[in-house]
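# A look at the structure
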Amino acid sequence: MEWNFNNETPIYLQIIDRFKMDIANGSLKPGNKVPSVRELALSAGVNPNTMQKALSELERDGYLESRRTSGRFVADMGNQADSLKNDLAHKLCSEFCEGMSKVGFTPEQSLTVYENYLKISKKE
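Below, the structure is looked at part by part. Per chain, residues are indexed from 1 in the order of the written sequence. Local features in a predicted model are, by the rule used here, given only for residues with pLDDT of at least 70; side-chain atom pairs are given and counted only at 80 or more, and totals for whole chains, interfaces and linings are based on all residues. With hydrogens and water stripped out, all remaining heavy atoms of the structure feed into the side-chain values.

## A word on the nonpolar core
Note on terminology: a nonpolar core comprises buried Ala, Val, Leu, Ile, Met, Phe, Trp, Tyr and Cys residues joined through side-chain atoms within 4.5 Å. A simple rule labels every residue: compare its accessible area, found with a 1.4 Å probe on the protein chains alone, to the largest value its type can have, and call it buried under 20%, exposed over 50%, or partly exposed in between. In terms of nonpolar packing, the biggest core is built from 23 residues, with Phe19, Met51 and Leu55 touching the most fellow members. Helical segments are the DSSP runs of H or I of at least four residues, strand segments are the runs of E of at least two, and each set is numbered from the N terminus. At the level of secondary structure, the elements contributing two or more residues to this core comprise helix H1 (11-24), helix H2 (37-44), helix H3 (48-60) and helix H4 (80-103). Among the elements that line this core, the one with the most residues is H1, at five residues. Aside from chain neighbours lying at most four places away, what touches leucine 55 is Phe19, Val37, Leu40, Leu64 and Arg72. Between two residues, a contact is recorded if the distance between any of their heavy atoms is within 4.5 Å.

## Topic: the pattern of salt bridges
Throughout this description, the term salt bridge denotes a Lys or Arg side-chain nitrogen within 4 Å of a carboxyl oxygen of Asp or Glu. The tally for this structure, following the rule as stated, stands at six salt bridges. Arginine 18 serves as the salt-bridge partner of aspartate 22, at 3.1 Å between the closest nitrogen and oxygen. Here aspartate 22 and its partner arginine 18 are both found in helix H1, four residues apart, which amounts to about one turn of the helix. The salt bridge partner of arginine 67 is glutamate 65, with a shortest N-O separation of 3.1 Å.

## A word on the side chain of lysine 20
Tracing the sequence through the fold places lysine 20 in helix H1. Of the side chains with opposite charge, aspartate 61 lies nearest to the buried lysine 20, which makes no salt bridge, at 5.0 Å. If near-sequence neighbours (up to four positions away) are discounted, lysine 20 is found in contact with Leu58, Tyr63, Leu84 and Leu88. The charge count includes Lys and Arg as positive and Asp and Glu as negative, but it does not include His or the ends of the chains.

## Remarks on the packing of H1 against H3
Axes, fitted as lines to C-alpha atoms, cover a helix only where it is in contact. Angles between the N-to-C directions of the axes lie from 0 to 180 degrees. Packing of H1 against H3 leaves a shortest axis separation of 9 Å and a crossing angle of 45 degrees. By the angle class used here, H1 and H3 are oblique. Relative to H3, the crossing made by H1 is right-handed. Contact residues: Ile11, Tyr12, Ile15, Ile16, Phe19 and Lys20 in H1; Thr50, Met51, Lys53, Ala54, Leu55, Glu57 and Leu58 in H3. For this scheme, ten residues count as nonpolar: Ala, Val, Leu, Ile, Met, Phe, Trp, Tyr, Cys and Pro. Four count as charged, namely Asp, Glu, Lys and Arg, and the remainder, Gly too, count as polar. A breakdown of the residues in the contact of H1 with H3 according to their chemical character gives nine nonpolar, one polar and three charged. Working rule for angles: under 35 degrees goes down as roughly parallel, over 145 as roughly antiparallel, 65 to 115 as roughly perpendicular, anything else as oblique. By definition, any crossing whose near helix is turned counterclockwise from its far helix by less than a right angle is left-handed, and any crossing with a clockwise turn is right-handed.

Structure representation (structure tokens):
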């Protein structure tokens, strides 16, 4: 995993978001073993306590599950995976709209800009 943290949000929340994104996009599949807290903390360059906090939250929310003596694994969320995907899409749309509004675009103008972006990106 490659980690890129920003200064706007606590790191443990960014770790949680990264795991959720990887679960939603299928990079992490149900039953996949999650590396140890120490391994993840080392690869992310964060304190192990920060990583532990994030993983505990993910476990409490049902994204990960602990198996005695075996470690943590990605939980089988069933239909909740689609709900997670929709929640993340809504969050991304909200962030896009908020950013465009800060620049001075109306929702309609933002949609036009996005549609033009899609046309250009398809040509590339």
